[in-house]
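Notes for the structure review
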Amino acid sequence: MDLFRKKDIAAFRLMAQQSGFTRNLTAMDLVMLGIGSVIGTGIFVLTGIGAALYAGPGISISFILSSVACAFAGLAYAEYASMVPVSGSAYAYTYTSLGEFVAFIVGWNLILEYTVTCSTVAAGWSAYVVGLLKAGGIHLPIAFSKVPAEGGIVNLPAIIVTMLLCLLLIHGTKESVTLNKILVIIKLCVIALFFILATPHVEISNWEPFLPFGYNGIVTGAAIVFFAYIGFDAVATSAEEAKNPSRNVPIGILGSLAICAVLYFFVALVLTGIVPYFELNTAEPVAFALRYIGYDIGSFIVAVGAICGITTVLLVLLYGQARIFFALSRDGMIPEKICKVHKVYHTPYLVTIGGCIIVSLIAGFTPINIIAELASIGTLFVFFIVGYGVLYLRIKQPEIKRGFKCPAIHFVAPMAMFTCGYLMYNLSIETCIRFLVWLAIGIIFYFCYSYKHSKLNEAADSSKKAGFE
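Since the model is a prediction, treat every value here as computed from it, not as a measurement.

As for the overall build of the protein chain
A count of helices and strands for the protein chain gives 18 helices and 0 strands. Looking at the protein chain as a whole, 61% of its 469 residues qualify as buried. Within the structure as shown, the protein chain displays about 17400 Å² of accessible surface, and the carbon and sulfur contribution to it stands at 70%.

As for the nonpolar core
Of all hydrophobic cores here, the largest spans 148 residues; its most connected members are Ile 43, Tyr 128 and Phe 194. Setting aside its immediate chain neighbours within four residues, Phe 194 contacts Thr 199, Val 267, Val 270, Leu 271, Ile 274, Val 286 and Leu 290.

Examining the packing of aromatic side chains
Following the criterion strictly, the structure yields 24 aromatic pairs and no others. A ring pair is formed by Phe 101 and Phe 447, whose centres lie 5.8 Å apart and whose planes are at 35°; its orientation type is tilted. One end of the pair, Phe 101, is in helix α6 (residues 100-135); the other, Phe 447, is in helix α17 (residues 429-453), and 346 residues separate them in sequence. Assessed through its relative accessible area of 18%, Phe 101 is described here as buried. The class of Phe 447 is partly exposed, set by a relative accessible area of 33%. An aromatic cluster is defined as three or more aromatic residues linked by ring pairs; in this entry it consists of Phe 101, Phe 104, Trp 108, Trp 438, Phe 445, Tyr 446, Phe 447, Tyr 449 and Tyr 451. The cationic tip of Arg 5 hangs over the ring face of Tyr 451; the distance from NZ or CZ to the ring centre is 4.1 Å.

Concerning the layout of surface pockets
The calculated volume of the largest pocket comes to roughly 450 Å³. Ala 127, Val 130, Ser 145, Lys 146 and Ala 283 are, among the 21 residues lining the largest pocket, the residues nearest its centre. Looking at which element gives the most residues to the lining of the largest pocket, the answer is α6, with 6 residues. Considering only residue class, the lining of the largest pocket consists of 10 nonpolar, 7 polar and 4 charged.

Comments concerning the confidence of the model for the protein chain
Model confidence for the protein chain is summarised by a mean pLDDT of 83, while 90% of its residues fall at 70 or above. Ranking the elements of the protein chain by mean pLDDT puts helix α18 (residues 455-468) last with 66 and α17 first with 92.

Some thoughts on the side chain of Asn 457
Structurally, Asn 457 is set in helix α18. Accessibility expressed as a relative area gives 11% for Asn 457, which makes it buried. A distance of 3.5 Å separates a polar atom in the side chain of Asn 457 from the backbone oxygen of Tyr 451. Those residues in contact with Asn 457 that sit more than four places away from it in its chain are Arg 5, Tyr 451 and Lys 452.

Some remarks on the environment of Lys 401
Note that Lys 401 resides in the loop between α15 (368-396) and α16 (409-425). Here the alpha-carbon distance between Lys 401 and Ser 82, two residues 319 residues apart in the chain, equals 8.4 Å.

Structural notes on the packing of helix α12 (residues 285-292) against helix α13 (residues 296-330)
Two packed helices can be described by the angle between their axes and the distance between those axes. Orientation of α12 relative to α13, taken along the N-to-C sense of each, is 170°, at an axis distance of 7 Å. In terms of their interaxial angle, α12 and α13 are classed as roughly antiparallel. Residues Val 286, Ala 287, Leu 290 and Arg 291 of α12 pack against Asp 296, Gly 298, Ser 299, Val 302 and Ala 303 of α13. Tallied by class, the residues present in the contact of α12 with α13 amount to 5 nonpolar, 2 polar and 2 charged.

A short note on the environment of Val 84
Note that Val 84 resides in the loop between α4 (59-83) and α5 (90-97). In the structure, Val 84 is positioned 317 residues away from Lys 401 in sequence and 9.9 Å away in space, judged by C-alpha atoms. In this view, Val 84 contacts Ile 9, Phe 12, Ala 92, Tyr 93 and Thr 96; residues no more than four positions away in its chain are not counted.

Some remarks on a nonpolar patch on the surface
Together, Phe 144, Ile 153, Leu 156, Ile 160, Leu 164 and Leu 167 give the surface a local cluster of nonpolar side chains, amounting to about 580 Å² of exposed area. A relative accessible area of 52% places Leu 164 in the exposed class.

Looking at unusual backbone geometry
Glu 208 connects to Pro 209 through a cis peptide bond whose omega is -5°. Tracing the backbone through its elements, the reader meets Pro 209 in the loop between α8 (173-198) and α9 (214-225). Not every positive phi belongs to a glycine, and Ala 408 is a case in point at roughly 50°. One can find Ala 408 in the loop between α15 and α16. Judged by its relative accessible area of 55%, Ala 408 falls in the exposed class.

Here's the deal with the side chain of Glu 79
By secondary structure assignment, the location of Glu 79 is in helix α4. Classification of Glu 79 by relative accessible area gives buried; the value is 0%. Here the side chain of Glu 79 touches Arg 394 through a polar contact of 2.6 Å, side chain to side chain. Look past the residues within four positions of Glu 79 in its chain and what remains in contact with it is Val 390, Arg 394, Arg 402, Phe 404, Lys 405, Cys 406 and Ile 409.

A look at the pattern of salt bridges
By the definition in use, this model includes 4 salt bridges. Of the charged contacts in the structure, one is a salt bridge between Asp 331 and Lys 7, with a shortest N-O distance of 2.3 Å. With Asp 331 in the loop between α13 and α14 (349-365) and Lys 7 in the segment before α1 (9-17), this pair connects stretches of sequence that are 324 residues apart. Relative accessible area serves as the criterion here: at 2%, Asp 331 is assigned to the buried category. In this structure Lys 7 comes out as buried when scored by relative accessible area, which is 8%.

Things to note about α6
The end-to-end C-alpha distance of α6, which contains 36 residues, comes to 52 Å, matching closely the 52 Å that a straight helix rising 1.5 Å per residue would cover. Along α6, 31 of the 36 residues are buried, which leaves the element largely enclosed by surrounding structure. Phi turns positive, to about 90°, at Gly 137, one or two residues after α6.

Scoring rules and cut-offs
Residues numbered from 1 in each chain as written. Predicted model: local features only at pLDDT ≥ 70, side-chain atom pairs only at ≥ 80, totals over all residues. Heavy atoms only, no water. Helix = DSSP H or I, 4+ residues; strand = E, 2+ residues; numbered from the N terminus. Buried < 20%, exposed > 50% of the residue type's maximum accessible area, 1.4 Å probe, protein only. Areas by Shrake-Rupley, 256 points an atom, 1.4 Å probe, with all protein chains shown as cover. Core = buried A, V, L, I, M, F, W, Y, C linked by side-chain atoms within 4.5 Å. Contact = heavy atoms within 4.5 Å. Phe/Tyr/Trp six-rings, centres within 6.5 Å; stacked < 30°, edge-to-face > 60°. Lys NZ or Arg CZ within 6 Å of the ring centre and 35° of its normal. 1 Å grid on protein atoms, 1.4 Å probe; cavity = no way out; pocket = protein on both sides within 12 Å on 5 of 7 lines; lining within 4 Å. Points joined across faces, edges and corners; volume = space filled by probe spheres on them. Nonpolar A, V, L, I, M, F, W, Y, C, P; charged D, E, K, R; others polar. pLDDT = per-residue confidence, 0-100. Polar contact = N/O pair within 3.5 Å; in protein donor to acceptor, adjacent residues only side chain to side chain. Axes fitted to C-alpha atoms, helices over the stretch in contact; angles between N-to-C directions. Parallel < 35°, antiparallel > 145°, perpendicular 65-115°, else oblique. Patch = residues over 30% accessible without salt bridge, like charges linked within 9 Å, V, L, I, M, F, W, Y side chains within 5 Å. Salt bridge = Lys/Arg side-chain N within 4 Å of Asp/Glu carboxyl O. Expected span 1.5 Å × (residues − 1).

See the structure below:
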């Protein structure tokens, strides 16, 4: 068995030309896409949970630590994207450098990464909507707004928003990107309002102790919130719909990452400066903080903005999830029939519908903390492989045309691997066990289905038959 057979970059580029997608996304579209995906659940949900349970006021440092790991991985991603400008993100990149089996494992974990991240975001969206309605005197029944582990039956708002966005994504990419731009602008304005209202109320005493859980708390917090930066991966999945992918995708990745890292740090710092960290264990910490200091109207406005912000995250991640499924099915890794592009809307509608159904079921029935940790470990694993793969390709095939070259690659790539590996090490043993179970299922699926149905395997079989004839 040839587990490490590789797909030629030229073949990927040819497939991109024949995909049926429309190339209409500019560099600014991709930056906004990245911000739309990154700024959302991290700021509006995980800042509070991360501070209360893991890092205290030091959660601001956790976000910086995560952003450093992402910066290393982002530079590697940018070089890969400039060489292999196709849907599939790290899966496609790995296929060209490390071979099919490793690529499948990466793709399998991208499915985990996107699916559970979308589910976490949908759950966060639901928490803000329920809180906003409660503030307006409307109390949704716990049975239909909480998962079973929290005393409910189903988190219905999370399911509804996922399926509504599913319809939008099927209708068209450009329409989805336009809505994303509008919601991103609203989101940034709301964050600015939070700074204006909250900063004067910061009390230094709330930052003491700054590290109540010690150094390990910062690292654990960084590992938990890491998936909040997944947005730049979603930018990479849009390569087949970018006007000039070799230039625009690296700009989208690095630009959105830089903007979001700064915002995360300052929001976390101000948030823990106005509310004692141990009171922030809520899925709507930013709105809660403004109510805490007496700004009920401001809290209402921020809650509305947070809903807009989290909606953009969910929109972009569902978009990215569909492109990962599409890339895997196109290569025969999963059934090819689900790879169809709609004749009118030019979107992969079957995988979009299927992915959204899975996300809605997880969000509707699973506690947010469990799915958040699973999202982080899947993301960290993929970024670790990307760091190794881009260095391997630079050494083995330096002649390949690169629209963007990662600076100091012999330092950046190992650091991407080290930081991601270190953060994985600091996740809970239960999360690691769940991840290994998912990995084992993927390996079984590969040998039972994917290896036999792979396009490369079919091509090899055809060559052998032709030789015998």
